[in-house]
Amino acid sequence: MDNKILFDSFRINHTKMKNRVGVAPMTRISATTEGFVTDKMINYYRSFAKGGFGLIITEGTYIDDKHSQTYQFQPGIAFDGQAQEWKKVVDAVHSEGGKIFMQLQHTGPLSQENRFTNETIAPSSVQPKGEQLQFYLGEGPFKLPKEITREEMNEVKNSFIESAKRAESVGFDGIELHGANGYLLDAFLTEYTNQRSDEYGGITENRVRFLVEIAEEVSQAVSPNFTVGMRISQSQVNDYMYKWSGKEEDAKTIFSALGESGQHYIHVTEFEAWQPAFNDNEPKSLVSLAKKYSQLPIIANGQLENPERAIEILNSGDADLVALGKGALADHDWIKKVQNDEPLSKFDADSVLHPVANIKDFEIE
Ligand SMILES: Cc1cc2nc3c(=O)[nH]c(=O)nc-3n(C[C@H](O)[C@H](O)[C@H](O)COP(=O)(O)O)c2cc1C
């Protein structure tokens, strides 16, 4: 199979990637208790760049000293001091020829550990489904969140803006707003977690408003050559099967609005990126709907580590880049292996997925 398309360079805004394959954002809970980058993290990120990935998107990183932290040992970019330590990761990735975006995350209702507060916030005070993820050192039900006030919404916006500026100041090529998986922004989008009666709740157009405003304001606050994008999903870490009830109409409303927000790309994550979005007779994938309605560059994610799948989705024109999660963990040198036609490793959840164990493997003495 002709795999050339994987290795074509691609530009999003002013960020020119040497190929079309990126590393998906993956929480590693390997920072210090105070949210500072560790040497292990520097070497971990460097090893993907060394293995040839054109773009690396960092793990979700918290943005303020209020309600945004999700996990114990999660890194932050809430302070200049934390940003300065990230510079070492940026420099390591750049020295190997990779580009790097930081994923900015506000946890909203799904915090498992926050050293700044015991309280969680969400669009509405709705008990999150499911239980905390043990894999990230949590247990038992999530806390019942308090309804976010309008003043707090402005503070959250401001924290996204300030964190994006900090990321730019230490050399990141861009940022990705975490709008997926049930965290704060996605909780606005999701019908049952957003029961607001103001202009941020109700119809889909209202539920996407907060995401659009953040994308707009962040895009305006950074310099024009700094890249801004947003990750979107239907599935949530605590509700895997969640689907948008308005189907393609919802996709149209959401992606059109995000496409006009001034940001540069959308990153779509689905369980299997190529599958029909709504499990009915309609064959369109969420990736293709994102492309159709946003008209922006699209990064596709979801079991695309099989090169044939990745090539197919790029050739279809629905996606411009693919991002690998577990496939990248299994093979930090996936790019080189595919280029040289070498066999790929089998993903082994026990040895590869455990954050600390995985990071240890890439420690450089
Ligand atoms: C260990 C691990 C940590 C993850 N952490 C994040 C995260 O911080 N932010 C995010 O948006 N997605 C996160 N994800 C989801 C991945 O980015 C990706 O969407 C998911 O693994 C599916 O892609 P894959 O089939 O290529 O693995 C995580 C996934 C894994 C396996």
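Residues numbered from 1 in each chain as written. Predicted model: local features only at pLDDT ≥ 70, side-chain atom pairs only at ≥ 80, totals over all residues. Heavy atoms only, no water.

Peer 1: Residue-level account of the sheet that holds strand S5 (residues 99–105), with values.
Peer 2: Around the barrel, eight strands lie side by side as S3-S4-S5-S8-S9-S10-S11-S12; this closed barrel has parallel pairing. The mean angle between the axes of side-by-side strands here comes to 25°, regardless of whether they run parallel or antiparallel. In this structure, strand S11 (residues 298–301) lies alongside strand S12 (residues 321–324), joined through three bridges in parallel fashion. Within the sheet, the bridge partner assigned to Ile299 lies in S12 and is Leu321. Contacts from helix H3 (residues 150–169) reach S5 and strand S8 (174–178) within the one sheet, and its direction differs from that of S5 by about 160°. Across the sheet, helix H6 (residues 209–221) is in contact with S8 and strand S9 (227–233); its angle to S9 comes to roughly 165°. (Pairing = 2+ DSSP bridges. Helix = DSSP H or I, 4+ residues; strand = E, 2+ residues; numbered from the N terminus. Axes fitted to C-alpha atoms, helices over the stretch in contact; angles between N-to-C directions. Contact = heavy atoms within 4.5 Å.)

Peer 1: I'd like to hear about the nonpolar core, residue by residue, with values.
Peer 2: Of all hydrophobic cores here, the largest spans 88 residues; its most connected members are Ile175, Trp244 and Phe255. Ignoring anything within four residues of it in the chain, the contact list for Ile175 reads Phe101, Met102, Leu104, Ala164, Ala167, Val218, Phe226, Thr227, Val228, Gly229 and Tyr265. Counting residues in each nonpolar core, the second largest holds 11 residues, with Met17, Ala24, Leu55 and Leu321 among its members. (Core = buried A, V, L, I, M, F, W, Y, C linked by side-chain atoms within 4.5 Å. Buried < 20%, exposed > 50% of the residue type's maximum accessible area, 1.4 Å probe, protein only.)

Peer 1: Describe the packing of aromatic side chains, with residues and values.
Peer 2: Following the criterion strictly, the structure yields 13 aromatic pairs and no others. Centre to centre, the rings of Tyr200 and Phe210 are 6.1 Å apart; their planes meet at 90°, and the pair counts as edge-to-face. A residue pair is termed long-range when its members are at least 10 positions apart, and Tyr200 in the loop between helix H4 (184–189) and helix H5 (204–207) and Phe210 in helix H6 qualify at 10 residues. For the pair Trp244 and Phe255, a centre-to-centre distance of 5.7 Å together with 50° between the ring planes defines the contact as tilted. Residue Trp244 is located in the loop between S9 and helix H7 (247–259), and its partner Phe255 is located in helix H7; the two are separated by 11 residues in the primary sequence. Note on accessibility: Trp244 and Phe255 belong to one class, buried. Put simply, the rings of Tyr44, Tyr45, Phe48, Phe53, Trp86 and Phe172 touch in pairs and so form one group of aromatic residues. Just above the ring of Tyr192 sits the side chain of Lys129; from NZ or CZ to the centre is 4.4 Å. If you follow Arg309 out to its NZ or CZ, it ends over the ring of Trp274, 3.9 Å from the centre. (Phe/Tyr/Trp six-rings, centres within 6.5 Å; stacked < 30°, edge-to-face > 60°. Lys NZ or Arg CZ within 6 Å of the ring centre and 35° of its normal.)

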